[in-house]
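Residue strings, one per chain:
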Amino acid sequence: MMKPLDDTYFMKKALQEAEAALEKGEIPIGAVVVIKDRIIARAHNLTETLNDVTAHAEMQAITAAANFLGGKYLKDCTLYVTIEPCQMCAGALYWSQISRVVYGARDEQRGCINMKTKLHPKTVLTGGILEKEASEILKRFFIEKRNLN
């Protein structure tokens, strides 16, 4: 019997999505939704591409996962996202009733923890998975953006 995949494995998949966002000139945030060790949704920021302030990686992943499952609730699912969700995404995650949220780097300014945005009472929040890698891709993006302007 295969051993279950770990948080690091799935966070690496979210980081691949962040790289895809970076290639498109988007803020490099990536997300995957997993159920029973199976990725059912992959997403990255599309706010510039779609000209939509709500097109965060988490929002895209929630929609894709709900479509895959055929229902709006993401019970028994885990969202892996490269940065701590903002309050908008945390609110959507609350309503999705997702079982677990795993993030890489903290967002000290806009993250749901400092903003005191609640997740669903049954949602488990885990942070710091591949934090250095998640933080580095964001730093790289903003350094490049500053150098272009």
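Since the structure is predicted, the reported quantities are computational estimates derived from the model, not experimental observations.

A. Seen up close, unusual backbone geometry. Non-glycine residue K36 carries a positive phi angle of around 50°. Secondary-structure assignment places K36 in the loop between β1 (30-35) and β2 (38-44). Residue K36 is classed as exposed on the basis of its relative accessible area of 78%. Positive phi outside glycine occurs at D76, with the angle close to 70°. Checked against the element boundaries, D76 lands in the loop between α2 (57-69) and β3 (77-83).

B. Spotlight on helix α3 (residues 87-96). Every buried residue of α3 is accounted for by C89, A90, A92, L93 and S96. The buried residues of α3 occupy one face: seen down the axis, they fall within an arc of 160°. Looking at the buried positions of α3, the neighbouring elements they touch are α2, β3 and β4 (100-105). Two residues or fewer after α3 comes Q97, characterised by a positive phi angle close to 60°.

C. Inspection of the sheet that holds β1 at higher detail. Spatial strand order, β2-β1-β3-β4-β5: 5 strands in an open sheet with mixed pairing. Each end of this open sheet is capped by a strand with a single partner; those strands are β2 and β5 (124-126). Ignoring which end each strand starts from, the neighbouring axes of this sheet average 15° apart. Sheet analysis places β1 next to β2, joined by 6 bridges and oriented antiparallel. Looking across to β2, one finds that A31 is bridged to A43. Helix-sheet contacts for helix α1 (residues 7-23) involve β1, β2, β3 and β4, and the interaxial angle to β1 is about 145°. Relative to β2, α2 is tilted by about 145°, and along the sheet it contacts β1, β2 and β3.

D. Up close: the pattern of salt bridges. Under the defined criterion, the tally for this structure stands at 4 salt bridges. A salt bridge links R140 to E19, with the nearest nitrogen and oxygen atoms 3.2 Å apart. In this pair, R140 sits in helix α4 (residues 131-148) while E19 sits in helix α1, placing the two residues 121 residues apart along the sequence. Ionic pairing is found between E84 and R106, a salt bridge with its closest N-O pair at 2.6 Å. Here R106 lies in the loop between β4 and β5 and E84 lies in the loop between β3 and α3, a separation of 22 residues in the sequence. Judged by its relative accessible area of 2%, E84 is buried. Accessibility expressed as a relative area gives 28% for R106, which makes it partly exposed. One network of salt bridges, in which partners are shared, links E84, R106 and E108.

Rules and cut-offs
Residues numbered from 1 in each chain as written. Predicted model: local features only at pLDDT ≥ 70, side-chain atom pairs only at ≥ 80, totals over all residues. Heavy atoms only, no water. Helix = DSSP H or I, 4+ residues; strand = E, 2+ residues; numbered from the N terminus. Buried < 20%, exposed > 50% of the residue type's maximum accessible area, 1.4 Å probe, protein only. Arc of directions from axis to C-beta. Contact = heavy atoms within 4.5 Å. Pairing = 2+ DSSP bridges. Axes fitted to C-alpha atoms, helices over the stretch in contact; angles between N-to-C directions. Salt bridge = Lys/Arg side-chain N within 4 Å of Asp/Glu carboxyl O.

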